[in-house]
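Coordinate inspection notes
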Amino acid sequence: MCGIVGAVAKRNIVPVLVNGLLRLEYRGYDSAGLVVVHEGKLERVRSAGRVAELRQKSANTTGQLGIAHTRWATHGIPSERNAHPHMSRNLIAVVHNGIIENYEELRAELSEQGYEFTSDTDTEVIAHLVHSHYAQGNLLLATQTALSQLVGAYAIGVIAADNPQQLIAARKGSPLLLGVGEGENFVGSDMSALLQVTRNVVYLEEGDVVEVNLDSYRIFDEQGTEVQRPVQISELDNDSVELGEYKHYMQKEIHEQPQALANTLESVCNSQSLVPGIFGAEANSIFPKIESILILACGTSNHAGQVARYWLEEIAGIPCTVEIASEYRYRASVPNPNTLVVTISQSGETADTLAALNHAKATGHGYTLAICNVPESAIIRQSKLRLLTRAGPEIGVASTKAFTTQLAALFLLTLVMAKVRGRLDEKREQQFLHELRHLPAAMQKVLALEPQIAEMAKLFADKHHALFLGRGMHFPIAAEGALKLKEISYIHAEAYPAGELKHGPLALVDKDMPVVSVAPNDTLLEKLKSNLQEVRARGGELYVFADADTHIHASEGVHILQMPEHAGFLSPILHTAPLQLLAYYVALQKGTDVDKPRNLAKSVTVE
Ligand code: M6R
């Protein structure tokens, strides 16, 4: 999704803006632009391509105040004329992340006032609106007045040509933070954009407007009251956003999974028993009251929730439903106040998940728990309880380490719930803790299969479709494997619970349809084997990711990848990694942009 960087300093800030945009590239974008104030004029550079192109085009641009943007198209095609910043009468410039829902109405009004529109975007109305209120030269007031007329979501940066040392920024529904420097200040969509200049950060809250000056800043809440927000020191590691020895962030992040799992499980694995307090102090009083669990999430995070449903019902004996956040938010559902609403999100800013959380709260759900990878994100702030996955920054658009750490966190939730409900005796608790401690090492062994998977991937390069099969708690893993493949290789892939095959999709199976199957040694193994026979009998080519003791052997049309060990309930976490690697190597074969697949964004902050 769109990325924003802004700076006010006593030095040329163009390199800061461009480097910031490079750091935000992972969010996904299709065009980029920047504007600076130079000798009392706005100088704008835009590009319909990559930030690297913008860097070249802006090589001779200088300025000490500026805003920059990567755009992920919503209103209007990706093109230079639709790229941000948008300007009004060469006086006001604006960058925006989000969607202005009433832009058509505002556009009509502003056109009547004589404003000329040069793009198809919703953002341009903000520039003209601010301009229309700027008569007295007060940029803060003009922006606040303009914002009061907007319906929708935004993070914005605004500058004026005749105000060379001030930047106004605001957020509502889209992320934005303030970076505090010495004699210079910055804004950015996330911390990775600002680490180059400062570690001191103020996380702006919903509705905040900030006046950013060289040596100072003032924050106002939605009502216009000046407020103080704490300055925090970011712990984000600059190295963790570097590519290092890897070809792509996705490959790096797949290989970071053993460490990410160890970090996420650290506090639990170092202790002798599980306590509700790991989800926040209030969990001690809330968990005993919980009668059911409702999980809300999108995409990969939703798949994590689907795995957790099997764990929660089987181990903790608690009813669990999992809903796609974008559907739940518009559904008239029947609330149970003793339900724990669990949102799962890597970014913590996904608009649909956030809206689903607020919808749940509005319908009477008071008990909310966020499982999230970003400490200061909106979803964390708006939930009563929380467990942070400690995967570190995930740059690749295709989620990998965030997913497996979400699973680890959800397994902890399962165990704590089971304990609270009297379904986990001391012996079983210790056994599970032992298995969790072993998980990072087990994951390392799975990753060692990379060369075999890279070979297997070559057989997919000329395929157009693929089926993924799994059963039980491994069906969501098959779904995750299919999502990874379609996201980054653009091969059409669908997942089915293997028993469903004969109810329709079997008609698709022929020699050109690779069928990938997750085959753990569990109670459904024999049934799965029969399903695989059904595929072979129709000439389908099988790629089976099988536990060592499943006795499924390679033969003509049957390719086997043998998993090092069987991990019981934790098996879905380990079975994920080979599917991630398969998608990665197929994408390499196809030559796609692995980390920034077409049309997708990392952080989906619009509906
Ligand atoms: O940040 P979130 O976990 O809330 O994001 C949800 C989905 O947008 C995300 O998982 C998406 O499906 C990924 N691109 C999958 O790889």
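Residues numbered from 1 in each chain as written. Predicted model: local features only at pLDDT ≥ 70, side-chain atom pairs only at ≥ 80, totals over all residues. Heavy atoms only, no water.

**So, the overall build of the chain**
Convention followed: Here a strand is any run of E in DSSP of at least two residues, a helix any run of H or I of at least four, and the numbering for each starts at the N terminus. The reference for a compact globule is 2.2 Å times residues^0.38; the radius of gyration itself is calculated from the C-alpha atoms. Here the term buried applies to any residue with accessible area under 20% of the maximum for its type, exposed to any over 50%, and partly exposed to those in between, with areas from a 1.4 Å probe on protein chains only. We call two residues in contact whenever any of their non-hydrogen atoms come within 4.5 Å of each other. Computed with the Shrake-Rupley method and a 1.4 Å probe, the accessible areas treat only the protein chains shown as cover for residues. A residue counts as positive if it is Lys or Arg and as negative if it is Asp or Glu; His and the chain ends are not included. To locate a charge, take NZ of a lysine, CZ of an arginine, CG of an aspartate or CD of a glutamate.
Helix and strand content of the chain: 18 helices and 25 strands. Taken against the 2.2 N^0.38 rule, which gives 25 Å for 607 residues, the C-alpha radius of gyration of the chain at 25 Å falls within 12% of a compact globule. Counting only C-alpha atoms and orienting by the principal axes, one finds that the chain spans roughly 80 × 55 × 45 Å. When the 607 residues of the chain are sorted by exposure, 60% land in the buried category. Nonlocal contacts in the chain, meaning residues at least 24 apart in sequence, comprise 73% of its contacts between residues at least 6 apart. Summed over its atoms, the accessible surface of the chain is roughly 22,700 Å², and 49% of this surface lies on carbon and sulfur atoms. Positive and negative side-chain charges in the chain, numbering 53 and 69 respectively, have mean positions lying 2 Å apart.

**Considerations on the sheet that holds strand S20 (residues 385–388)**
Selection criterion: Note on pairing: two strands pair once DSSP finds at least 2 bridges between them. Axis definition: a line fitted to C-alpha atoms, limited for helices to the stretch in contact. Angles are taken between N-to-C directions and run from 0 to 180 degrees.
The parallel open sheet is built from five strands, whose spatial order is S17-S16-S18-S19-S20. Edge positions in the sheet fall to strand S17 (320–324) and S20, since each of these pairs with one other strand and no more. Taking the axes of each pair of neighbouring strands and ignoring which way they run, one obtains an average angle of 20° across the sheet. Pairing analysis gives five bridges linking strand S16 (residues 292–297) to strand S18 (residues 339–345), with the strands arranged parallel. Residue pairing across strands places Leu296 opposite Thr343, the latter belonging to S18.

**With respect to helix H13 (residues 401–420)**
What counts is decided by this rule: Take the number of residues in a helix, subtract one, and multiply by 1.5 Å to get its expected span.
Taking 1.5 Å as the rise per residue, H13 with 20 residues should run 28 Å; its terminal C-alpha atoms sit 29 Å apart, in good agreement. By the criterion of burial, H13 is predominantly enclosed, with 18 of the 20 residues buried.

**Considering the pairing of strand S7 (residues 152–160)**
The buried fraction of S7 amounts to eight of the nine residues, a majority that puts the element mostly inside the structure. Direction of pairing for strand S6 (residues 92–100) relative to S7: antiparallel, over a ladder of nine bridges. Residue Gly98 lies in a different strand from S7, and its bridge partner there is Tyr154. Summarising the sheet, S7 and strand S8 (residues 166–172) pair through four bridges and their orientation is antiparallel. Bridged to Val158 within S8 is Ile168. Here S7 hands over to S8 after five residues, the two strands then running antiparallel side by side.

**Some remarks on unusual backbone geometry**
Looking along the chain, the bond that leaves His84 and enters Pro85 is cis, with omega of -5°. One non-glycine residue with positive phi stands out, namely Glu39, at about 50°. Checked against the element boundaries, Glu39 lands in the loop between strand S2 (31–38) and strand S3 (41–47). Its identity as a non-glycine residue notwithstanding, Asn599 has a phi of 70°, on the positive side. Looking at where Asn599 falls in the secondary structure, it is placed in the segment after helix H18 (571–590). Take Asn599: its relative accessible area is 63%, and that puts it in the exposed class.

**A few points about the environment of Val209**
Structurally, Val209 can be placed in strand S12 (residues 209–213). Separated by 16 residues in sequence, Val209 and Thr225 have C-alpha atoms that sit 9.9 Å apart. Apart from the residues lying within four places of it in its own chain, the contact partners of Val209 are Leu140, Gln144, Leu147, Ile168, Ala169, Ala170, Arg218, Ile219 and Phe220.

**Focus: the nonpolar core**
We count it as follows: What makes a nonpolar core is a set of buried Ala, Val, Leu, Ile, Met, Phe, Trp, Tyr and Cys residues whose side-chain atoms join them at distances within 4.5 Å. Bear in mind that the domain bounds are from an automatic or database domain assignment.
Formed by 94 residues in total, the largest nonpolar core has its most connected members in Ile293, Trp311 and Leu340. For this core, the element with the highest residue contribution is H13, accounting for 12 residues. Built from parts of two domains, this core gets at least three residues from each of domain 2 (250–445) and domain 3 (450–590). With 28 residues, the next largest nonpolar core counts Leu106, Phe117, Val158 and Ala170 among its residues.

**Some details on the domain arrangement of the chain**
Assigned domains within the chain: domain 1 (3–241), domain 2 (250–445) and domain 3 (450–590). Distance from the C-alpha centre of domain 1 to the C-alpha centre of domain 3: 45 Å.

**Quick notes on the sheet that holds strand S21 (residues 465–470)**
Strand order in this open sheet of five strands is S22-S21-S23-S24-S25, and the pairing throughout is parallel. Either end of the sheet is taken by a strand with one partner, and the two such strands are strand S22 (492–497) and strand S25 (558–563). Across the sheet, the mean angle from the axis of one strand to that of its neighbour is 20°, orientation sign disregarded.

**Comments concerning the site of the ligand**
Let me state the cut-off plainly: Whether a residue is near a molecule or strand depends on its heavy atoms: it is near if one of them lies within 4 Å of it. What qualifies as a polar contact is a pair of N or O atoms within 3.5 Å, subject to a donor-acceptor requirement within protein and to the restriction that residues adjacent in sequence count only when both atoms come from side chains. Nonpolar residues are Ala, Val, Leu, Ile, Met, Phe, Trp, Tyr, Cys and Pro. Charged residues are Asp, Glu, Lys and Arg, and all others, Gly as well, are polar.
Around the ligand, the structure places 14 residues, and the nearest of them are Ser301, Ser345, Gln346, Thr350 and Glu487. Here an oxygen atom of the ligand sits 2.7 Å away from a polar atom, N or O, in the main chain of Gln346. Glu487 is positioned with one of its side-chain polar atoms (N or O) 2.5 Å from a nitrogen atom of the ligand. For the ligand, whose unbound accessible area comes to 410 Å², protein coverage reaches 90%. Only helix H9 (299–316) and helix H16 (475–489) provide two or more residues apiece to the shell around the ligand. Broken down by element, the residue count for the shell around the ligand peaks at three residues, all from H9. Among the residues making up the shell around the ligand, the classes are represented as four nonpolar, eight polar and two charged.

**What to know about the packing of H9 against H13**
Quick reminder of the rule: Our angle categories are set so that under 35 degrees counts as roughly parallel, over 145 as roughly antiparallel, 65 to 115 as roughly perpendicular, and the remainder as oblique. Less than a right angle of anticlockwise turn of the near helix away from the far helix marks a crossing as left-handed, whereas a clockwise turn marks it as right-handed.
Contact geometry of H9 with H13 gives a least axis separation of 9 Å together with a crossing angle of 25°. On the basis of their axis angle, the class for H9 and H13 is roughly parallel. As for how H9 packs across H13, the hand of that crossing is right-handed. Contacts from Thr300, Ser301, His303, Ala304, Gly305, Val307, Ala308, Trp311, Leu312, Ile315 and Ala316 of H9 reach H13 at Phe403, Gln406, Leu407, Leu410, Phe411, Thr414, Leu415, Met417 and Ala418. Residue classes in the contact of H9 with H13 are distributed as 14 nonpolar, six polar and no charged.

**Considering the packing of helix H14 (residues 426–447) against H18**
Taken N-terminus to C-terminus, the directions of H14 and H18 make an angle of 30°; their axes are 9 Å apart at the nearest point. Put simply, H14 runs roughly parallel to H18. By crossing handedness, the relation of H14 to H18 is classed as right-handed. Counted together, Leu439, Ala442, Met443, Val446 and Leu447 of H14 and Ile573, Leu574, Ala577, Pro578 and Leu581 of H18 form the full contact between these two elements. Looking at the contact of H14 with H18 residue by residue, the classes come out as 10 nonpolar, no polar and no charged.

**A word on helix H1 (residues 14–24)**
Those residues of H1 that fall on the buried side of the exposure criterion are Val14, Val16, Leu17, Val18, Gly20, Leu21 and Leu24. Contacts made by the buried residues of H1 are with strand S1 (3–8), S2, helix H2 (51–57), strand S4 (65–71) and strand S10 (185–188).

**Thoughts on the packing of aromatic side chains**
Note the threshold: For Phe, Tyr and Trp, rings pair up if their centres lie within 6.5 Å, where Trp contributes its six-membered ring, and each pair is then called stacked (planes under 30 degrees apart), edge-to-face (over 60) or tilted (otherwise). Ring-over charges, as used throughout, are those where CZ of Arg or NZ of Lys falls within 6 Å of the ring centre and within 35 degrees of the ring normal.
Taken as a whole and judged by the stated rule, the model has six aromatic pairs. Note on Tyr584 and Tyr585: the rings are 5.0 Å apart at their centroids and 80° apart in plane angle, and the pair reads as edge-to-face. Of the two residues examined, Tyr584 and Tyr585, each falls in the buried class. Through a chain of ring-to-ring contacts, three or more aromatic side chains come together here, namely Trp311, Phe411, Phe432 and Phe569. Here Arg89 stacks its cationic end above the ring of Tyr115, 3.9 Å away from the centre of that ring. The side chain of Arg309 reaches across the aromatic face of Tyr310, ending 5.4 Å from its centre.

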